[in-house]
Amino acid sequence: MGKQKRRAAVEDVPAPRTAGEFGDALLAAAYDVARGVPGAAKASAKRLAKGFEPAPELAEGADLAARRAITRPCRNGWLPEDVDQAARRRVDEFAVSYVLDTLAGYAGQFATLHPGWREQLDDVGAVAWWSTSEPHFTQWAAKHILTPAEAVTTVVEALGLLVSMPALNPVLPVPGTPYRPPVHHAVDEKKLGRVRALLAKAESSSFPEEAEALSAKAQELMTRYALDRVLVETSVPDVPASRRLWLDTPYLDAKSLLVHVVATANRCQAVFDPRWGFVTVVGDENDLDAIALLTTSLLVQATRAMIADPAGRSRAFRQSFLVSYATRIGERLEKAAKATLSSSPDSDRLLPVLASHELKVKAAFTELFPEVVGKSVTVRDLDGWDAGRSAADRARLQGS
């Protein structure tokens with residue numbers, strides 16, 4: 001009965017006539033999609049796409065709705081990479097293209113844009129390719145050979161994603177706001193290149209022992225690089241940087257634990273957002289670069305070792321495997337980092353500086369995430385736990 005009433009109410013709504021009315025109708029349908037109303041996108045498309053050809057107001061209304069929908073997430077901490085990752089997880093390829101076009105159009109109106117924003121726009125392929133002589137919606141629908149009903153359905157689904165995005169902690173200044181370049185030394189590409197080379201060898205190796213030894217050597221180089229920076233830096237930023245690392249399903253809890261242990265071993269702190277599947281890491285900008293590299297490589301190696309295990313067929317086994325793997329890898333990375341510090345001839349000078357750095361990271365993390373609570377990860381398969389620990393414990397981690 002309730003569904004029948006809702007259907008009748010939708011059909012009784014007067015058809016939009018102006019661009020503004022079409023934009024309002026599209027956004028109303030988008031909010032229905034965000035709330036999980038069944039068939040909201042197709043129902044609105046069926047009504048709004050009627051008379052599409054003689055009604056350019058629909059195309060103009062779609063552009064208006066898109067500008068309104070993208071503004072809120074971009075002002076509330078979402079970066080181009082975040083928008084792209086969320087879209088690829090929740091909508092189809094046509095909606096992804098519409099979201100990225102909307103993002104490119106939004107960013108293009110600002111004269112002031114942080115370099116990190118520009119870099120991410122390039123990375124995700126958000127480029128304003130269309131002409132300003134006619135609405136973007138019309139050109140986009142033609143580019144993808146979509147019927148009017150298909151185009152409107154896709155737009156509503158794309159807008160539904162955008163209006164569902166919650167506020168995030170800021171990582172970079174929002175478009176249009178002034179910013180000061182971060183105070184830190186440029187990344188030493190030569191040293192970071194050595195880390196990349198070691199991790200590439202680890203990922204390509206068919207021998208788990210060799211792969212883990214190479215990863216340990218990478219951690220050692222990362223720690224030495226960080227300690228060298230501490231000794232030569234004369235100015236250190238008061239507020240550490242932050243970065244979001246997106247994870248692929250399944251086993252997000254276990255994979256986020258791996259990010260956490262890598263971050264901890266490299267003097268950073270991390271928090272997982274299970275709603276969207278990303279981890280935010282807080283720490284020195286250069287440490288974040290190294291953490292992203294090592295985490296990506298270890299996730300590849302852990303997944304490969306898990307799949308190769310002949311006993312690893314059940315979900316419980318694989319979840320337990322990855323939790324155990326992450327736990328043991330964390331222990332070994334911490335050991336490798338501490339050994340590198342203790343072997344440094346400047347360890348007495350480094351300890352107080354590192355302690356001060358740790359306090360700054362902790363303070364920044366607490367300010368960004370004042371209500372964070374710890375969460376345990378359940379292990380339901382002891383065989384999976386033992387196999388994961390063995391996979392992480394095969395190699396000597398001296399990094400010789």
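Residues numbered from 1 in each chain as written. Predicted model: local features only at pLDDT ≥ 70, side-chain atom pairs only at ≥ 80, totals over all residues. Heavy atoms only, no water.

Trainee: Go over the nonpolar core, please, and point to the residues and values.
Mentor: Core analysis: the biggest nonpolar cluster contains 57 residues, and Leu26, Tyr98, Phe137, Val152 and Leu159 have the highest contact counts within it. For this core, the elements supplying multiple residues, two or more each, are helix H2 (19–34), helix H3 (40–48), helix H4 (56–75), helix H5 (80–90), helix H6 (93–107), helix H7 (115–124), helix H8 (136–143) and helix H9 (148–163). Contact partners of tyrosine 98, with chain neighbours within four places excluded, come to Ala62, Ala66, His136, Phe137, Trp140, Val155, Ala158 and Leu159. One finds Val262, Ala270, Ile291 and Ala326 within the second-largest nonpolar core, a separate group that totals 45 residues. (Core = buried A, V, L, I, M, F, W, Y, C linked by side-chain atoms within 4.5 Å. Buried < 20%, exposed > 50% of the residue type's maximum accessible area, 1.4 Å probe, protein only. Helix = DSSP H or I, 4+ residues; strand = E, 2+ residues; numbered from the N terminus. Contact = heavy atoms within 4.5 Å.)

Trainee: I'd love a proper account of the sheet that holds strand S2 (residues 269–273), names of residues and values included.
Mentor: With antiparallel pairing, the 3 strands of this open sheet are ordered in space as S1-S3-S2. Edge positions in the sheet fall to strand S1 (241–246) and S2, since each has one partner strand and no second. Between one strand axis and the next, the sheet turns through 20° on average, direction left out of account. With 6 bridges joining them, S1 and strand S3 (residues 278–283) adopt antiparallel strand pairing. Pairing of alanine 241 across the sheet is with glycine 283, part of S3. (Pairing = 2+ DSSP bridges. Axes fitted to C-alpha atoms, helices over the stretch in contact; angles between N-to-C directions.)

Trainee: Go over the environment of leucine 159, please, and point to the residues and values.
Mentor: Here leucine 159 is to be found in helix H9. The exposure class assigned to leucine 159 is buried, which follows from its relative accessible area of 0%. Here the alpha-carbon distance between leucine 159 and alanine 29, two residues 130 residues apart in the chain, equals 8.7 Å. Here leucine 159 is in contact with Leu26, Leu27, Ala30, Ala65, Ala66, Ala69 and Tyr98, once residues within four sequence places are set aside.

Trainee: Lay out H6 in plain terms, naming residues and giving numbers.
Mentor: For H6, spanning 15 residues, the distance from its first C-alpha to its last is 21 Å, which sits close to the expected 21 Å at 1.5 Å a residue. Judged by how many residues are buried, H6 sits mostly within the fold: 12 of 15 residues are covered. Where H6 is concerned, the buried positions are Ala95, Val96, Ser97, Tyr98, Val99, Leu100, Asp101, Thr102, Leu103, Ala104, Tyr106 and Ala107. Its side-chain oxygen 3.1 Å from the backbone nitrogen of phenylalanine 94, aspartate 92 forms the N-cap of H6. (Expected span 1.5 Å × (residues − 1). Polar contact = N/O pair within 3.5 Å; in protein donor to acceptor, adjacent residues only side chain to side chain.)

Trainee: Help me get a handle on unusual backbone geometry, residues and values and all.
Mentor: Backbone torsion omega between threonine 249 and proline 250 reads 0°, so that peptide bond is classified as cis. Despite not being glycine, isoleucine 145 shows a phi value in the positive range, around 55°. Relative to the helices and strands, isoleucine 145 is located in the loop between H8 and H9.

Trainee: Report on the confidence of the model for the chain, specifying residues and quantitative values.
Mentor: Caution applies to low-pLDDT parts of the model: their predicted coordinates are not meant to be read in detail. In this model, the chain carries a mean pLDDT of 84, and residues with pLDDT of at least 70 account for 88%. When the elements of the chain are averaged for pLDDT, helix H1 (residues 2–12) gives the smallest value, 44, and H6 the largest, 98. Taken as a whole, residues 1–11 scores under 50 in pLDDT and shows 3 contacts with residues more than four places along the chain or in a different chain. Note on residues 395–400: pLDDT under 50 across the span, and 13 contacts to partners over four residues away in sequence or across chains. (pLDDT = per-residue confidence, 0-100.)

Trainee: Would you mind going over the pattern of salt bridges in detail, with residue names and values included?
Mentor: Considering all chains together, one arrives at 10 salt bridges under this definition. The shortest N-O distance in the salt bridge between arginine 89 and aspartate 248 comes to 3.2 Å. One end of the pair, arginine 89, is in helix H5; the other, aspartate 248, is in the loop between S1 and helix H12 (252–265), and 159 residues separate them in sequence. The exposure class of arginine 89 is partly exposed, given its relative accessible area of 32%. Residue arginine 267 pairs with aspartate 287 through a salt bridge whose shortest N-O separation is 3.2 Å. Residue arginine 267 is located in the loop between H12 and S2, and its partner aspartate 287 is located in helix H13 (residues 285–308); the two are separated by 20 residues in the primary sequence. For the pair shown, arginine 267 and aspartate 287 are each scored as buried. A cluster of three or more residues bridged by salt bridges with shared partners is formed by Arg243, Glu285 and Asp289. (Salt bridge = Lys/Arg side-chain N within 4 Å of Asp/Glu carboxyl O.)

Trainee: Can you break down H9 residue by residue, with the values?
Mentor: The end-to-end C-alpha distance of H9 is 22 Å, a good match for the 22 Å that 16 residues give at a rise of 1.5 Å each. Most of H9 is tucked away: 12 of the 16 residues are buried. Buried within H9 we find Ala151, Val152, Thr153, Thr154, Val155, Val156, Ala158, Leu159, Gly160, Leu161, Leu162 and Val163. Each element contacted by the buried residues of H9 is listed here: H2, H3, H4, H5, H6 and H8.

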